[in-house]
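Structural overview
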Amino acid sequence: MNPLIIAPSILSADFGHLCDAAQLMEKAGADWLHVDVMDGHFVPNITIGPVVVKWLKKCTKLPLDVHVMISDPMKFAKPFAEAGAWALTFHYEAVTYPEVVINEIKRLGLKAGISIKPKTPAKLILPFLKDLYFILVMTVEPGFGGQSFLRGVLPKIKEISEYIKDNNLKCRIAVDGGINSETGFETVKAGAQILVAGHSIFDSPDPIKAVQDLKSITA
Ligand code: DX5
Ligand code: ZN
């Protein structure tokens, strides 16, 4: 069994001191840094672009796990790759031909992920799992940090996990939204191997302990 991967979402960090936040997460033993990119079109919020990724890349060794909640991931794959992204995850709901975007991400030398919103059924993405490094299952509606975990997504995580096992695939399952020690435990039991968490880490009085608590979850 691979160890659990913890990917703190800097969406909940102090945007005036992102470099400090990245270095704190490195010190805490986080595995990746999750960077939420929003375009005000695919989701009703605007956040980070390639220029911020470029500066983050200079101040941390953590792999930058870039989650693009944008309408045109094809257009921005190259700028994010050039800025130093390690993985690029786009939304299934944003594109017509996911395989084209997956191939472009891989051609650029990045790990490829697809994300699905809470209401998107698993069956739509199962055919793509064989080509992905991970599938990012949203456990809140994308757009904002600090929302409550949607427990109704748990059976979908289980369904994807069973499909991956039955077909002997390497694709891992990540969860994103409302993850803390309790909800993280529920998702790990359902098959999650990568936990993205923003609010429960950065708004905690002890962010280092919050990362370590997530890291120590066992199903
Ligand atoms: C939501 C983002 C998430 C979010 C997670 O649209 O994709 O990564 O920031 O943050 P919390 O853990 O606060 O829900
Ligand atoms: Zn995210």
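The model shown is predicted, which means the values in this text are computed figures rather than measured ones.

Quick notes on the rules
- Residues numbered from 1 in each chain as written.
- Chains lettered and ligands numbered in written order.
- Predicted model: local features only at pLDDT ≥ 70, side-chain atom pairs only at ≥ 80, totals over all residues.
- Heavy atoms only, no water.
- Axes fitted to C-alpha atoms, helices over the stretch in contact; angles between N-to-C directions.
- Helix = DSSP H or I, 4+ residues; strand = E, 2+ residues; numbered from the N terminus.
- Parallel < 35°, antiparallel > 145°, perpendicular 65-115°, else oblique.
- Left-handed = near helix turned anticlockwise from the far one by under 90°.
- Contact = heavy atoms within 4.5 Å.
- Donors = N, O, S within 2.8 Å, 3.2 Å for Na, K, Ca; no water.
- Buried < 20%, exposed > 50% of the residue type's maximum accessible area, 1.4 Å probe, protein only.
- Core = buried A, V, L, I, M, F, W, Y, C linked by side-chain atoms within 4.5 Å.
- Near = heavy atom within 4 Å.
- Polar contact = N/O pair within 3.5 Å; in protein donor to acceptor, adjacent residues only side chain to side chain.
- Nonpolar A, V, L, I, M, F, W, Y, C, P; charged D, E, K, R; others polar.

Side note on the packing of helix α1 (residues 18-28) against helix α8 (residues 207-215)
- Packing of α1 against α8 leaves a shortest axis separation of 9 Å and a crossing angle of 45°. As far as their axial angle goes, α8 and α1 are oblique. Relative to α8, the crossing made by α1 is right-handed. Contacts from L24, M25, K27 and A28 in α1 reach P207, I208, V211 and Q212 in α8.

A closer look at the coordination of the zinc ion (ligand 2)
- Summarising the metal site, the zinc ion (ligand 2) is bound by the protein donors H34 (NE2), D36 (OD), H67 (ND1) and D176 (OD), whose distances to it range over 2.0 to 2.3 Å.
- Look at where the donors of the zinc ion (ligand 2) fall in the sequence and you get H-x1-D-x30-H-x108-D. Here the residue D36 occupies a position in strand β2 (residues 33-38), and D176 occupies one in strand β7 (residues 172-176), the gap between them amounting to 140 residues. Taken individually, D36 and D176 each receive the classification buried, so the pair is uniform in this respect.

Thoughts on the environment of A112
- By the secondary structure assignment, A112 is in strand β5 (residues 111-116).
- Those residues in contact with A112 that sit more than four places away from it in its chain are L88, I102, I105, K106, L132, Y133 and F134.

Some remarks on the nonpolar core
- Counting 67 residues, the largest nonpolar core has I160 and L195 as the members making the most contacts within it.
- The element contributing the most residues to this core is α1, with 5 residues.
- Among the nonpolar cores identified, the runner-up in size contains 11 residues, and M138, V140, A174 and I194 belong to it.

Re the site of ligand 1
- Near ligand 1 you find 21 residues, and of these D36, G143, G146, D176 and G198 are the closest.
- The contact in question runs from an oxygen atom of ligand 1 to an N or O atom on the backbone of G146, over 2.7 Å.
- In this structure, D176 approaches ligand 1 through a side-chain N or O atom, which is 2.6 Å from an oxygen atom.
- Looking at the shell around ligand 1, the elements with two or more residues in it are β2, β3 (64-69) and β8 (194-197).
- Ranked by residue count, the leading element in the shell around ligand 1 is β2, at 3 residues.
- When the residues that make up the shell around ligand 1 are grouped by side-chain class, the tally is 8 nonpolar, 11 polar and 2 charged.

It is worth stressing that arrangement in space is one thing and function is another; only the former is reported here.
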